[in-house]
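A look at the structure
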Amino acid sequence: MRQQLRRLVDAHPVATFFALAYAISWLAWLGPVLGLAEPIRTLGFILGGYGPALSALVVVWAGSDSVRAWARQIVDWRVAPRWYVAALTIPLVLVALTSVGLELVGTSVDPGLLPGRASLVLVSFVSIALVGGGNEEPGWRGFALPKLEERYSPVSATLILGVVWALWHLPLLATGPTTFHGLAEFVDLAPSIGVRILNIVGIAFILTWIYNETGSVLLAILAHAGFNTANSTLVPLPLDVISAGDSTTVLAVTTVAVWVIVAVLFATTRGQFGYETEDSAARTWTAEHSSEGQ
């Protein structure tokens, strides 16, 4: 039975991972979707966020890859300091571009609101890294991305992963348990979901670059947490405006800013997003997990 399962997983590792990630997360999110009482609602939301990581662990364990090699990159902190700087400052660049864009479309921003949010930013960053987004990365970038890049170009691999990742959020988009995902009324989802999908796919390209350049899921976790924190607390607008159901303008401007960053990365890396660098994550991970036992 184990050998049959291994052959199935080895033949279709990414498809198996995607299906399992959706199954775990969407089942866990039935609590929030159905409006069940606490603590079931919150516990379901938290467990669902770990769906990609749990499914990656299952697929790696069931297949021929090395659990040790997969797990090692999650805690791999030994990367050049400049990549820590990149992972933590690109979200700030995004906020700066968003602020400029908001001014251009007639929405005044107030940088004076930000100094009082220092403690909120720290708490938000840590919680998002652990349970609000960063915890997804062992699956998306730690497993699916290098597998896809074995068969597709970095751009194609990221487009596939980005769309799957974006659509995985649909129950959260409908129920809004966090300010990053939340929309106030279901009727408002139609015009907003398309923009949010473009936003998430754009972020996927930036995380591809971070991961490919470092081979570290930890750096992807930090960058992911940085983007979510920046979007929810560092845009220089009142917090109720950022999280309001009518914040489509903020979302649209942020999405344009994301794709400006993606365009710059595409041009400077010649469309490779770090895949051809010496310590390319995809090549390193493939070499390690093919040579080690479980």
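For the structure given in this document, a descriptive report is provided here. Computed from a predicted model, the values in this text were never measured in an experiment.

Reading the values: rules and limits
- Residues numbered from 1 in each chain as written.
- Predicted model: local features only at pLDDT ≥ 70, side-chain atom pairs only at ≥ 80, totals over all residues.
- Heavy atoms only, no water.
- Salt bridge = Lys/Arg side-chain N within 4 Å of Asp/Glu carboxyl O.
- Helix = DSSP H or I, 4+ residues; strand = E, 2+ residues; numbered from the N terminus.
- Buried < 20%, exposed > 50% of the residue type's maximum accessible area, 1.4 Å probe, protein only.
- Core = buried A, V, L, I, M, F, W, Y, C linked by side-chain atoms within 4.5 Å.
- Contact = heavy atoms within 4.5 Å.

**Some words on the pattern of salt bridges**
Tallied over the full model, the rule gives two salt bridges. Residue Asp-65 pairs with Lys-147 through a salt bridge whose shortest N-O separation is 2.9 Å. In this pair, Asp-65 is assigned in the loop between α5 (51-62) and α6 (67-72) and Lys-147 in helix α9 (residues 137-149), connecting sequence segments 82 residues apart. With respect to burial, Asp-65 and Lys-147 carry one shared label: buried. For Glu-137, the salt bridge is made with Arg-141, and the minimal N-O distance between the two is 2.7 Å. Of this pair, Glu-137 and Arg-141 both sit in helix α9, four residues apart, which is roughly one turn of that helix. You'll find Glu-137 and Arg-141 in the same group, each marked buried.

**Quick look at the nonpolar core**
One finds Phe-17, Phe-18, Trp-140, Trp-165, Ile-206, Trp-209 and Phe-227 to be the most contacted residues of the largest nonpolar core, which totals 61 residues. Here this core gets twelve residues from one element, more than from any other, and that element is helix α12 (residues 189-214). The contacts of Trp-165, once residues within four sequence positions are left out, are Glu-136, Glu-137, Trp-140, Arg-141, Ile-200, Ile-203, Ala-204, Leu-207 and His-224. Membership of the second largest hydrophobic core comes to seven residues, among which are Val-109, Ile-242, Val-250 and Val-253.

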